[in-house]
Amino acid sequence: PAQESSCRFVDRPRQRRMAAVAGNDIHEGTEIFVPGRICLFGEHSDWSGGYRRFNAEIKEGCALVCGTTQGLYARVRRLESDERVFVYKGPDGTECKLDVDDNAKLREVAQSPSFHAYIAGTLIEIGKHFRVGGAEIHNYKADLPIKKGLSSSAAICVLVVRALNELYDLKLTLHGEMDIAYRGEINTPSRCGRLDQCVAFGQRVTKMTFDNDLLETERVRVMSPLYLVIVDLCAAKDTKEILKCLNAAYPFARDDKDKALHSLLGEVNLDVCGQAISIMSQERDPSRAAEGLGALMTAAQSRWDASAVPLCPHELTAPTLHRLLSCEALKAHITGGKGVGSQGDGSAQLVCRSEAAQDEAMKIVRGFGMEPLKLTIPAQKAVRCAVVPIAGTCSGMWPATKCIGPWLFPIRVGDIVKPAICWLCEELMAAEVEKIILVVNEATQVQMEQLFQRREDMAVLDAVPANEAAYDEELLSIGKLLVFVRQERPTGIRDLLLQCESIIEGEPFLLAWGDHFCSSTAADGRGYVAQLLAGFDGSHSVAAMHCVGKESLHSAGVFACRQPPSDKEDVCWPLSHCAEKPTVVYAQEHLKTPGLEQDMYLAAFGQYVLTPAIFRKLRGSAKCHFTEALDDVRKEEGLIGVLIQGCRWDLGRTSSYVEALQAQAGSRAGELPAKRARV
């Protein structure tokens, strides 16, 4: 079969597939980018939280971190030889060659002052758990400042682990990569904390919580863009001395100065991080977000100066840092700032009022003889991930479903016939969903890999029209977004969602039934998923709805809205009740919605945007039905309904599948039926 490009960027967590499946040649090279990291808030709390193993009165550590735009760019490949040799080529032309089997030499290099110590230390740790072959890392570009509080040493450790993970399919999770990189770095003279390995997360804001040896991470949603300038102060600091002085206050405070540091890195820091998360995740106005975050940083620096500097004044007084932060010329362009990393005269971060102010601030910083770096934290997409269950059985269409599920039933739109799952995945891609989690069993995973991750044989493609053969490329594009979660037995929606929780990573997500076929009839051409996402503001779960008659109540989840929107342009309906497959009598008593035609009700359209609150409700009871959990979420945080302009068919029922085929038979390619829900 034809080959895809042999290089692919890996700058965020993704499902790892065997190279043969994706069509990549892992001997030719894989492109990897690992950023540095900036600690927005919570520096030093990683190691302070670790002292809870000795003193339970110490508060857990908490930090908000973000990957930088700058980092390490590398091309990695396997080396096929009898010797297990690891070769690192630096951007300055230097080369380091290490025998993976020579543990004594690795330890010698790991204890050296060389930058290569981090590579050797990481190889030692990898060797404790895996037997890998030879590999080469060509780190052809590095625009990340060294020893400036941006975790350059952690970046090289993560780069080594990720390269071997990719090349030898070690199946390490993101946290697994971080753990090995951390242990690799502490094999060197470096005294890093777990905070630094957050570079593995890529360019996103992450909350990290440190409790004893336990590490928890949670993605922070950013609702408006933030414009920062990271400043290399071009001065000097001694990180080891700073850590030595501050660690002397732990685990038990000796005097009031030590108590002040415990409070600063404990309860005060937890409160500051909580305020910062609220600003980033709720404030949609960029100027107000910048004002709030800048003020927090300025206040945090003042507290640091009062409580931490007295313990290490010779390093933490930081005259260069304070000269920058007090610059009058900067105040028109920034809302605040603070030191970075271990503090001292290493680096600083400034929150700018706008993108234009960011450019002006960089000019002023250069006038000080310092080196600025631009960091823009973009507003995050409201929903980046979708869950599509296709692991269940379907008795309503047996024996047609003995070999394939309804998601593979052919659906014709105009002259194009595709499996139903293709139409759904195209809709998700059009709505800019970045990750599609398919919940599969062994058989359906094989089918999905065949459909989306393997090129069709050229003999087959040569026999079909060129415009149809080109669709194979679109299928492969969908395949790059897929993550498979196995559910071998159909134990229900509750269990499959809980299996997906760790991959969803605490974000809102879209849930769409894989055995449904939907189409949009919106006059503006928006797809049904785009219509649903338009009703999501980040604070409430959202359910897609359409109108059904009382004869259909027995087969649907049904909603009620006491106060429908009076403005026809308002797509959001605040829901007051939901029930699964209610009787007509129950619906007439509890589920009537003002404004609908006689005997018409709001019913589930088959898609939802769910907040992480759904997982708490599902875990609360082993027998909790999805609709019951959804109603509990409604009671806790509210539930919004969006009336979809479109049609939906359940492909698991014979009559509904036939209706879908009949409805599509007269449409042209890309044209959808002109039937609308009745309101």
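It should be noted that the structure appears before, not after, this text.
Now for a look at the structure at hand. This is a predicted model, so every value here is computed, not measured. Every chain begins its residue count from 1, and numbering advances along the sequence as written. Since the coordinates come from a predicted model, pLDDT governs what is reported: local features require at least 70, and pairs of side-chain atoms require 80 or more to be given and counted, while whole-chain, interface and lining totals use all residues. Hydrogen atoms and water are omitted, and side-chain values are computed over all heavy atoms in the structure.

### Some thoughts on the pairing of strand β11 (residues 347-352)
Right, on to step 1. Accessibility here uses a 1.4 Å probe with only protein chains present; expressed as a share of the type maximum, an area under 20% marks a residue as buried, one over 50% as exposed, and anything in between as partly exposed. Secondary structure elements are defined from DSSP: runs of H or I of at least 4 residues count as helices, runs of E of at least 2 residues count as strands, and each element is numbered from the N terminus. The element β11 is largely enclosed, with a buried count of six among its six residues.
Right, on to step 2. What you see with β11 is no split at all: Ser347, Gln349 and Val351 on one side and Ala348, Leu350 and Cys352 on the other are buried throughout.
Right, on to step 3. A strand pair is defined by DSSP finding two or more bridges across the two strands. In this sheet, β11 lies alongside strand β9 (residues 226-232) in antiparallel orientation, the contact comprising six bridges. Bridging from a neighbouring strand, Leu228 pairs with Val351 of β11.
Right, on to step 4. Both strand β10 (residues 334-339) and β11 contribute to a ladder of five bridges, which runs antiparallel. The partner of Ile334 across the bridge, within β11, is Cys352.

### Structural notes on helix α9 (residues 286-307)
Right, on to step 1. The end-to-end C-alpha distance of α9 is 31 Å, a good match for the 32 Å that 22 residues give at a rise of 1.5 Å each.
Right, on to step 2. Among all positions of α9, only Ala289, Ala290, Leu293, Gly294, Leu296, Met297, Ala300, Gln301, Trp304 and Ser307 are buried. Seen along its axis, α9 keeps its buried residues to an arc of 165°; they face one direction. Exposed and oriented more than 90 degrees from the buried face of α9 are Arg288 and Ala306. Expected helix span is given by 1.5 Å per residue-to-residue step, counting one fewer step than there are residues. The arc refers to the directions leading from the helix axis to the C-beta atoms.

### Description of helix α22 (residues 626-637)
Right, on to step 1. Compared with the 16 Å implied by 1.5 Å per residue over twelve residues, the 16 Å span of α22 between its first and last C-alpha is a close match.
Right, on to step 2. Three or more residues of α22 are buried, namely Phe626, Thr627, Ala629, Leu630, Asp631, Val633 and Arg634.
Right, on to step 3. Positive backbone phi, at 95°, marks Gly638, one or two positions downstream of α22.

### A short note on the state of the cysteines
Right, on to step 1. The disulfide criterion is simple: two cysteine sulfur atoms within 2.5 Å. One pass over the structure, following the stated rule, counts zero disulfides.
Right, on to step 2. Not engaged in a disulfide, the cysteine Cys425 finds its nearest cysteine sulfur in Cys422; these two sulfurs lie 6.8 Å apart.
Right, on to step 3. A relative accessible area of 0% means that Cys425 is categorised as buried.
Right, on to step 4. Left unpaired, Cys500 is separated from the closest cysteine sulfur, that of Cys385, by 7.8 Å.

### Details of the packing of aromatic side chains
Right, on to step 1. Stacked, tilted and edge-to-face pairs are distinguished by plane angle, under 30 degrees for stacked and over 60 for edge-to-face with tilted covering the rest, among Phe, Tyr and Trp rings (Trp via its six-membered ring) whose centres lie within 6.5 Å. Evaluated as defined, the whole model comprises 14 aromatic pairs.
Right, on to step 2. Relative to Trp649, the ring of Phe517 has its centre 5.8 Å away and its plane inclined at 20°; by these criteria the two rings are stacked. With Phe517 in strand β19 (residues 516-520) and Trp649 in strand β26 (residues 646-650), this residue pair connects regions lying 132 residues apart in the sequence. Like Phe517, the residue Trp649 is buried in the burial classification.
Right, on to step 3. Ring centres of Tyr608 and Phe626 lie 5.1 Å apart, and the angle between their planes is 75°; on these two criteria the pair is classed as edge-to-face. Within this pair, whereas Tyr608 is found in strand β24 (residues 600-610), its partner Phe626 is found in helix α22, the two being separated by 18 residues in sequence.
Right, on to step 4. The exposure class assigned to Phe626 is buried, which follows from its relative accessible area of 3%.
Right, on to step 5. These aromatic residues form a ring-pair network of at least three members: Trp47, Tyr51, Phe54 and Tyr250.

### Looking at the sheet that holds β11
Right, on to step 1. With respect to topology, four strands assemble into an open sheet ordered β10-β11-β9-β12, the strand pairing being antiparallel. Both outer strands of the open sheet, β10 and β12 (371-377), are each paired with one neighbouring strand and no more. The mean inter-strand angle of the sheet, taken between neighbouring strand axes irrespective of direction, is 20°.
Right, on to step 2. The strands touched by α9 within the sheet are β9, β10 and β11, with β10 carrying the most contacts at an inclination of about 35°.
Right, on to step 3. Docked against the sheet, helix α12 (residues 355-367) engages β9, β10, β11 and β12, running at close to 165° with respect to β12. Whenever a helix is involved, its axis is fitted only over the stretch in contact; in every case the axis is a line through C-alpha atoms, and angles between N-to-C directions fall within 0 to 180 degrees. Contacts: residue pairs with any heavy atoms within 4.5 Å of one another.

### Focus on the packing of helix α4 (residues 117-129) against helix α5 (residues 152-168)
Right, on to step 1. Look at α4 against α5: their axes get within 9 Å of each other, and the N-to-C directions meet at 40°. Accordingly, the angle class assigned to the pair α4 and α5 is oblique. Viewed along their axes, α4 and α5 form a crossing whose handedness is right-handed. Here α4 contributes Tyr118, Ile119, Thr122, Leu123 and Ile126 to the contact with α5, which in turn contributes Ser153, Ile156, Cys157, Val160, Val161 and Leu164.
Right, on to step 2. All amino acids are sorted into three groups, where Ala, Val, Leu, Ile, Met, Phe, Trp, Tyr, Cys and Pro are nonpolar, Asp, Glu, Lys and Arg are charged, and the leftover types, Gly among them, are polar. For the contact of α4 with α5, the class distribution of residues is nine nonpolar, two polar and no charged. Every angle not falling under 35 degrees, over 145, or within 65 to 115 is termed oblique; those three ranges are roughly parallel, roughly antiparallel and roughly perpendicular. For a crossing to be left-handed, the near helix must be turned anticlockwise from the far one by less than a right angle; the clockwise case is right-handed.

Everything listed is a geometric property; what it means functionally is a separate question.
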